Amino acid sequence: MTALDLVLTGAEVLLPEEGLSRCDLSIAEGVIQQDRTGRRVDLSGYLVLPGIVDLHGDGFERHIAPRRGAMKQMNEGILATEAELAANGITTAVLAQFYSWEGGVRGPEFAAQVFRAIAAVKDSTVTDLIPQLRFETNMLGDYEGLARRIAEWQVPYVVFNDHLPHDRLAQGKKPPRLTGQALKAGRNPAAHFEMLLNMHARRNDVPAAVEALSAELV
């Protein structure tokens, strides 16, 4: 696609030092120019503002999984997300996707689908979509090969999380809402609780695993 040479006229433009100012704004070769000319576009009554950068967006699940058991075609869901972002003036968006023991739309399988869909459509969107992997560090069984999968998914941004309810688990108590959480993940509640206890028991192995994974990701 060839970038248009435009001169935006009549609008109030938010400038770095002057604030809102009524002036012409020239755009050529995809960037703002000092004195280039092009086709004039009258934007009287409009504001011209910098694009918004959304550094942490996790509200896109309703587009790709509008209700339980009703997964849309994933690529279309990401495109619907991007259309909403663009309509609200967001030009760069970080899409934060869990990779978690919670399962369901936060589980590893779903995360893989999301990342593949972002990679498939990102060259056809106007918003710069940046995938973020929110990895639950206590999933010690998932570390092997994770760096390779992250590279395949084209994920440049990894966040390490720990959402285990360690205080409750240390007392051998079931966390609140455990049954609903287990059913969302497709697990028996007793098996889910046992899984949480096992991850909690191995918590001292996590720092070394995180360090090793971080070294692979650099």
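Use the structure listed above.
Note that the coordinates shown come from a computational prediction; the quantities given were computed from them, not determined experimentally.

**Re the overall build of the protein**
From N to C terminus, the protein includes eight helices and 11 strands. Taking 218 residues into account, the globule formula puts the C-alpha radius of gyration at 17 Å, and the protein, at 23 Å, lies well above it. Counting only C-alpha atoms, the protein reaches 70 × 40 × 30 Å along its principal axes. The buried share among the 218 residues of the protein stands at 38%. Counting only contacts in the protein whose residues sit at least 6 apart along the sequence, the fraction spanning at least 24 positions is 67%.

**Topic: the packing of aromatic side chains**
All told, the structure shown has four aromatic pairs when counted by the stated rule. On the basis of an interplanar angle of 80° and a centroid distance of 5.1 Å, the ring pair of Phe135 and Tyr143 is categorised as edge-to-face. Summarising the burial analysis for this pair, Phe135 and Tyr143 share the class buried. Feature note: the residues Tyr99, Phe115, Phe135, Tyr143 and Trp153 constitute an aromatic cluster, connected by ring pairs.

**Observations concerning the nonpolar core**
Among the nonpolar cores identified, the biggest contains 40 residues, and Ile78, Tyr99, Val114, Phe135 and Tyr143 are the most heavily contacted of them. Residue assignment for this core shows that the elements contributing at least two residues are helix 2 (74-87), strand 9 (90-99), helix 3 (108-121), strand 10 (128-136), helix 4 (146-152), helix 7 (189-201) and helix 8 (206-217). If you look at the next biggest cluster of nonpolar residues, it comprises six residues, including Leu6, Ala11, Val13 and Val48.

**Details of the pattern of salt bridges**
Here the structure, examined in full by the defined rule, presents four salt bridges. Taking the shortest distance from any N to any O, the salt bridge between Glu102 and Arg106 comes out at 3.3 Å. Here Asp205 and Arg202 are joined by a salt bridge, their closest N and O atoms 3.6 Å apart. Residue Arg202 is classed as partly exposed on the basis of its relative accessible area, which comes to 45%.

**Description of the sheet that holds strand 6 (residues 39-42)**
Ordered in space as 5-4-1-6, the four strands form an open sheet in which the pairing is mixed. Two strands close off the open sheet at either side, each with one partner strand: strand 5 (31-33) and strand 6. In this sheet, adjacent strand axes meet at a mean angle of 35° when their direction is disregarded. Pairing of strand 1 (residues 6-9) with strand 6, which is carried by four bridges, proceeds in the parallel orientation. Counted as the bridge partner of Thr9 is Asp42 from strand 6.

**Considerations on helix 8**
Compared with an ideal rise of 1.5 Å per residue, which puts 12 residues at 16 Å, helix 8 spans 16 Å between its outermost C-alpha atoms and is within 8% of the ideal. Taken together, the buried positions of helix 8 are occupied by Val206, Ala209, Val210 and Leu213. One side of helix 8 holds all its buried residues, which, seen down the axis, span an arc of 100°. Set apart from the buried face of helix 8 by more than 90 degrees, the exposed residues are Pro207, Ala208, Glu211 and Ala215. The inward-facing, buried residues of helix 8 abut strand 10, helix 4 and strand 11 (157-161).

Here is what the cut-offs are and how they apply
Residues numbered from 1 in each chain as written. Predicted model: local features only at pLDDT ≥ 70, side-chain atom pairs only at ≥ 80, totals over all residues. Heavy atoms only, no water. Helix = DSSP H or I, 4+ residues; strand = E, 2+ residues; numbered from the N terminus. Rg over C-alpha atoms; globule rule 2.2 N^0.38 Å. Buried < 20%, exposed > 50% of the residue type's maximum accessible area, 1.4 Å probe, protein only. Contact = heavy atoms within 4.5 Å. Phe/Tyr/Trp six-rings, centres within 6.5 Å; stacked < 30°, edge-to-face > 60°. Core = buried A, V, L, I, M, F, W, Y, C linked by side-chain atoms within 4.5 Å. Salt bridge = Lys/Arg side-chain N within 4 Å of Asp/Glu carboxyl O. Pairing = 2+ DSSP bridges. Axes fitted to C-alpha atoms, helices over the stretch in contact; angles between N-to-C directions. Expected span 1.5 Å × (residues − 1). Arc of directions from axis to C-beta.

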